[in-house]
Amino acid sequence: MRGRFITFEGGEGTGKSTHAGLLAERLTSLGIGVVLTREPGGSPGAEVIRHVLLAGVAKPLGTNAEALLFAAARDDHVRNTIEPALTRGAWVICDRFIDSTRVYQGALGHLDPKFIRALERVTVGDLKPDLTLILDVPADIGLARARKRRGGETADRFEAESLTFHEELRKAYRQLFMAEPGRCVVVDATQPKQAVADRVWKIVTERLDPATAPMRSAGVGS
């Protein structure tokens, strides 16, 4: 049986990595094989491109060039991590996927939707998440969380954008949900961590019914 594919989306500081990890742990506790991954990155080639993108090296080249780099990273990630895991029956949980490109480079970077769709056809083909959880917090709260998380480190390429940028980002994710409510669910991530985790778990159990998944002895990263 092919595995399930769950993605976490949202702006900076919404808790995507935290809740992707918590969900992976909960599924693993049921005996389900889980691969926890991220974008950009998630495979050796994609991790190299991640450094280039988040360091801001590609920003002067323009949004088109950034989108092409994201696409190259995604192609490597899908071929070497996501598809093999799904084929062997593991559940894949990914911190960001195609929707981040649609929002960051598409909606906010004003790239032609036809260009975005063309990149998707090349990099992911028919692959789509079974469920996308959009973690939602006001932009100022998310940025404050991101600052606290990184401590004294320099903000990455996207955290360094203006508050207005991040407010528009939040709107774009809400529009994504309205366009694809069958796949996407918005989760209020201003609640305490455990409350958000419980809400995520409720959505996953209602939509994907993990109890019916084949049990495996492998754990996170298997």
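Our structure is the block above this text.
Keep in mind it's a predicted model, so treat the numbers as computed, not measured.

J.: Quick rundown of the state of the cysteines? Include the residues and the values.
T.: Working definition of a disulfide: a covalent bond connecting the sulfur atoms of two cysteines. One pass over the structure, following the stated rule, counts zero disulfides. This cysteine, cysteine 94, is not joined by any disulfide, and cysteine 184 carries the nearest cysteine sulfur, 14 Å off. Among the residues examined, cysteine 94 registers a relative accessible area of 0% and is labelled buried. Among the residues examined, cysteine 184 registers a relative accessible area of 0% and is labelled buried.

J.: With reference to specific residues and values, describe the nonpolar core.
T.: Among the nonpolar cores identified, the biggest contains 24 residues, and Ile6, Phe8, Leu23 and Leu133 are the most heavily contacted of them. Listing elements by their share of this core, those giving two or more residues are strand S1 (5-9), helix H1 (16-29), strand S3 (91-95), strand S4 (131-136), strand S5 (184-188) and helix H8 (193-208). No other element matches the six residues that H8 contributes to this core. Not counting residues up to four positions away in its chain, the partners in contact with leucine 133 are Ile6, Thr7, Phe8, Glu9, Val185, Val187, Val200, Ile203 and Val204.

J.: Which residues make up the sheet that holds strand S2 (residues 34-38), and what are the values?
T.: Sheet architecture is open: five strands sit in the order S2-S3-S1-S4-S5, paired in parallel fashion. Taken across any chain shown, the strands that pair with only one partner, and hence form the sheet edges, are S2 and S5. Going across the sheet, the axis of each strand differs from the next one's by a mean of 20°, ignoring polarity. One ladder, built from five bridges, connects S2 with S3; its direction is parallel. If you follow threonine 37 over to S3, its bridge partner there is cysteine 94. Where helix H7 (residues 163-179) meets the sheet, its contacts fall on S1, S4 and S5, and the angle it forms with S4 comes to roughly 145°.

J.: Describe the pairing of S1, and please don't skip the residues or the numbers.
T.: If a strand is regular, its side chains alternate between the two faces of the sheet. For S1, the buried fraction is high: five of the five residues fall into the buried class. Every second residue of S1 is oriented toward a common face, with Phe5, Thr7 and Glu9 on one face and Ile6 and Phe8 on the other, all of them buried. The pairing of S1 with S4 spans four bridges and is classified as parallel. When the bridges of S4 are listed, isoleucine 6 appears paired with leucine 131.

J.: So what's going on with the side chain of aspartate 76? Which residues, and what values?
T.: Turning to its location among the elements, aspartate 76 is positioned in helix H3 (residues 63-87). Of the residues examined, aspartate 76 reaches a relative accessible area of 16% and is grouped as buried. Engagement of the side chain of aspartate 76 in a polar contact is seen with the backbone nitrogen of glycine 45, the distance being 3.4 Å. Aside from chain neighbours lying at most four places away, what touches aspartate 76 is Ser43, Pro44, Gly45, Ala46 and Thr81.

Rules behind the numbers
- Residues numbered from 1 in each chain as written.
- Predicted model: local features only at pLDDT ≥ 70, side-chain atom pairs only at ≥ 80, totals over all residues.
- Heavy atoms only, no water.
- Disulfide = S-S within 2.5 Å.
- Buried < 20%, exposed > 50% of the residue type's maximum accessible area, 1.4 Å probe, protein only.
- Core = buried A, V, L, I, M, F, W, Y, C linked by side-chain atoms within 4.5 Å.
- Helix = DSSP H or I, 4+ residues; strand = E, 2+ residues; numbered from the N terminus.
- Contact = heavy atoms within 4.5 Å.
- Pairing = 2+ DSSP bridges.
- Axes fitted to C-alpha atoms, helices over the stretch in contact; angles between N-to-C directions.
- Polar contact = N/O pair within 3.5 Å; in protein donor to acceptor, adjacent residues only side chain to side chain.

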